[in-house]
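Analysis of the macromolecular model
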Amino acid sequence: MPREIRDVVFVDGVRTPFGKAGGMYAETRADDLVIKCVRELLRRNPNLPPERVDDVAIAATTQTGDQGLTLGRTAALLAGLPRTVPGFAVDRMCAGAMTAVTTTASSIAFGAYDVAIAGGVEHMGRHPMGEGVDPNPRFIAERLVDPSALVMGQTAENLHDRYPQITRERADAYAAASQRKFAKACADGVIQPDLVPVATWSTEKGWGLATVDEPPRPDTTVEVLAGLRTPFRPHGRVTAGNSSGLNDGATACIVAAADVAKELGLTVKMRLVDYAFVGVEPELMGLGPIPATEKVLRKTGLTIDDIGLIEINEAFAVQVLAFCDHFGLADDDPRLNAYGGAIAVGHPLAASGIRLMIQLARQFADRPDVRYGLTTLCVGLGMGGSVIWENPHWDGTT
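The following paragraphs examine the structure supplied in this document. These figures come from a predicted structure and were not determined experimentally.

Description of the pairing of strand S3 (residues 55-59)
Across the 5 residues of S3, 5 count as buried, placing the element largely inside the fold. Alternating residues of S3 divide into Asp-55, Ala-57 and Ala-59 and Val-56 and Ile-58, and every residue in both groups is buried. The pairing of S3 with strand S5 (residues 115-123) spans 5 bridges and is parallel. Residue pairing across strands places Val-56 opposite Ile-117, the latter belonging to S5. As paired strands, S3 and strand S4 (residues 87-90) are joined by 4 bridges and run parallel to one another.

Set out below in structure tokens:
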């Protein structure tokens, strides 16, 4: 029998404070980070009976060690969910958590699930990007991709080549602004409510408590950034200062059918409108958000002018600026990453998609004049993902 497609909503999302690779989480397990997020979601949403969770999807890019063993299922068990709750692992590199959300949301829309938990984790201190991978030699031998496609920093340099108007100075200015915006968001108290404190252990320092993000450098200036070296190309334009860092952290969220959320008395923070994933030239990985956003706008009949808030992952400043140039946005467009982005707070790969959603949901609550928002990111090996959300607080006047 034909099924009716159901509305899907984002109920709640949390994340750990993000750490520097080898920093405050150096002796903390990756799975313990995401378990902490799942437990916090259940604590914050007591109206959700644990047995009503139909599945747990957890993403990781490097699925080995404490990021392996069918992470969604192991996280569900270790977080204390009933043994009847299944789980699975997801890998779409930087779009891992985003894919965990869209995959479970699609199952909810179809009617297979009512409620799911989606998340992502990356412990780049324990598992550096590319650890243990064995790229097929045909990629290079048959010239299927440019060799630079396998090094994300080199793809960013390639993007600078494609868009010569995006200079290093412009990228540095954007990066410094991201740091300032994130520092202001913290000072305004809009970041901390969604952070889960994490107990940490160090053989040198003993027990600690991670309550704030480790990567931000709020005093960053363009003068400081101008002095950084360019590790991916001599006299290049990509530096550690205008890129996201190597980070550890986890995110998780609850997605549900709109009618089930109402039945259970769950607060709704966003409604999923539509999403799209696309492929692009692997050596120009950072272009991904452009066609992904174009595709989801076509599917929904919306235009970029209809999007009142944009959360784009700042893997590299050049990638964000290419997006801005394509859609005619100013570098300092107030719709864009109002709370700062990954250049400041970090990018623990598979976890980042839900961080974007958390920040968008927080802005929606304060902006009833905005109806639609976008979360988008570029993805390794040449992909992009974009999701359009509707603000349930929209007052209907704009």
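Notes on the pattern of salt bridges
By the definition in use, this model includes 26 salt bridges. Between Lys-184 and Asp-188 there is a salt bridge whose closest N-O contact spans 2.6 Å. A salt bridge links Arg-271 to Glu-390; the nearest nitrogen and oxygen atoms lie 2.6 Å apart. On the criterion of sequence distance, the pair formed by Arg-271 in strand S9 (residues 270-279) and Glu-390 in strand S12 (residues 383-390) is long-range, its members being 119 residues apart. Overall, the relative accessible area of 24% leaves Arg-271 in the partly exposed class. Overall, Glu-390 belongs to the buried group, its relative accessible area being 13%. Among the ionic contacts, a cluster of salt bridges with common partners joins Arg-6, Arg-52, Asp-114, Asp-259 and Glu-263.

Notes on empty space enclosed by the protein
All chains considered together, the criterion is met by 1 cavity of 30 Å³ or more. By volume, the largest cavity is sized at about 60 Å³. Forming the walls of the largest cavity are Arg-15, Val-190, Ile-191, Asp-194, Leu-195, Tyr-339, Arg-355, Ile-358, Gln-359 and Arg-362. Looking at the lining of the largest cavity, the element that brings in the most residues is helix H12 (residues 352-366), giving 4 residues. For the lining of the largest cavity, the class distribution of residues is 5 nonpolar, 1 polar and 4 charged.

Rules used in this analysis
- Residues numbered from 1 in each chain as written.
- Predicted model: local features only at pLDDT ≥ 70, side-chain atom pairs only at ≥ 80, totals over all residues.
- Heavy atoms only, no water.
- Buried < 20%, exposed > 50% of the residue type's maximum accessible area, 1.4 Å probe, protein only.
- Helix = DSSP H or I, 4+ residues; strand = E, 2+ residues; numbered from the N terminus.
- Pairing = 2+ DSSP bridges.
- Salt bridge = Lys/Arg side-chain N within 4 Å of Asp/Glu carboxyl O.
- 1 Å grid on protein atoms, 1.4 Å probe; cavity = no way out; pocket = protein on both sides within 12 Å on 5 of 7 lines; lining within 4 Å.
- Points joined across faces, edges and corners; volume = space filled by probe spheres on them.
- Nonpolar A, V, L, I, M, F, W, Y, C, P; charged D, E, K, R; others polar.

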